[in-house]
Amino acid sequence: MTASEKTIESILTDLTNVHENLLSLSNDIWNSIDHNNPEKLDEGYQFKKEFNRLLDDFEKNKNDISVLVSQFTGVKVDEQPIVVEKEDSENQRLIKELNKNEPHEIDEDFTFKRPTAFIFNGCAYTEMNNWTKLYVQFVASAAKLNPARIKEMADKPELISKQNKKYYSADKSELRRPAKIMNDFFVETNLCANDFAKRIIEIINQLGMKTSDITIYLRQDRNA
């Protein structure tokens, strides 16, 4: 990949990062409101309503720009999950390198923080430059362990939000921004960092695993 192509790929990735941060900002502001104060709550509701409208416009424009640039330049952001073998020497090397950095547990607050890698079930995944890519990779890796158990999540009413929002579905039309994991199973990716973390915990619980089976590594910069 040429320097110009790398720049284009980085810009396309940044568009996704901005979208994730805007979702985090919206939730952060909403949670900071005194919900016992009717006046503040009404102001917050009006803010949230307008913010969501503008965010919808941004997402559409972001998607249109990404498609246009990708079609014209041929550069695409690769979000296809990779397959990692536990005993592979390269995997072991990556784990040793990652273990030199600060590890983070999945139940932490990730508001305005960006990932760079994660280790799950003894496998290391690097170049995870946003939560969307990390989440899709994680679910694909989890699905390989027990695809039937993962597919069961699409039919669990307790995994649907109070607003009747689904996060897992056999029908991609039920999701706002679906990512295909396997045949007849899609996940929602229109989420902020902390929502991605919550979904990861749900999947870990579904598999009967422990949250300690996944370790997150963050970007080491000012806006990690």
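The following refers to the structure shown. (Residues numbered from 1 in each chain as written. Predicted model: local features only at pLDDT ≥ 70, side-chain atom pairs only at ≥ 80, totals over all residues. Heavy atoms only, no water.)

1. Observations concerning the packing of helix α1 (residues 3-32) against helix α2 (residues 38-73)
Reasoning step 1: Look at α1 against α2: their axes get within 10 Å of each other, and the N-to-C directions meet at 170 degrees. The pairing of α1 with α2 is recorded here as roughly antiparallel in orientation.
Reasoning step 2: Residue classes in the contact of α1 with α2 are distributed as 17 nonpolar, nine polar and three charged. (Axes fitted to C-alpha atoms, helices over the stretch in contact; angles between N-to-C directions. Helix = DSSP H or I, 4+ residues; strand = E, 2+ residues; numbered from the N terminus. Parallel < 35°, antiparallel > 145°, perpendicular 65-115°, else oblique. Nonpolar A, V, L, I, M, F, W, Y, C, P; charged D, E, K, R; others polar.)

2. Notes on the packing of helix α4 (residues 131-145) against helix α6 (residues 193-206)
Reasoning step 1: Closest axis-to-axis distance for the α4/α6 pair is 10 Å, and the angle between their directions is 5 degrees. In terms of orientation, α4 and α6 fall into the roughly parallel class. Where α4 approaches α6, its residues Trp131, Thr132, Leu134, Tyr135, Phe138, Val139 and Ala142 are matched on the opposing element by Ala193, Phe196, Arg199, Ile200, Ile203 and Ile204.
Reasoning step 2: The residue inventory of the contact of α4 with α6, partitioned by class, reads 11 nonpolar, one polar and one charged. (Contact = heavy atoms within 4.5 Å.)

3. Description of a negative patch on the surface
Reasoning step 1: Taken together, the side chains of Asp28, Glu102, Glu105, Asp107, Glu108 and Asp109 make up a negatively charged region of the molecular surface.
Reasoning step 2: Looking at the element boundaries, Asp28 is found in helix α1. (Patch = residues over 30% accessible without salt bridge, like charges linked within 9 Å, V, L, I, M, F, W, Y side chains within 5 Å. Areas by Shrake-Rupley, 256 points an atom, 1.4 Å probe, with all protein chains shown as cover. Salt bridge = Lys/Arg side-chain N within 4 Å of Asp/Glu carboxyl O. Lys, Arg positive; Asp, Glu negative; His and termini not counted. Charge placed at Lys NZ, Arg CZ, Asp CG, Glu CD.)

4. Focus on the nonpolar core
Reasoning step 1: Counting 40 residues, the largest nonpolar core has Phe138 and Ile203 as its most contacted members.
Reasoning step 2: Put simply, the parts of the chain that give this core at least two residues each are β1 (115-120), β2 (123-126), α4, β4 (178-182), β5 (185-188), α6 and β6 (214-218).
Reasoning step 3: Top element by residues in this core is α4. It accounts for nine residues.
Reasoning step 4: What Phe138 contacts, discounting residues up to four positions off in sequence, is Phe118, Phe120, Ile200, Ile203, Ile204 and Ile214.
Reasoning step 5: Within the second largest apolar cluster, seven residues are counted, among which are Leu94, Ile95, Leu98 and Ile119. (Core = buried A, V, L, I, M, F, W, Y, C linked by side-chain atoms within 4.5 Å. Buried < 20%, exposed > 50% of the residue type's maximum accessible area, 1.4 Å probe, protein only.)

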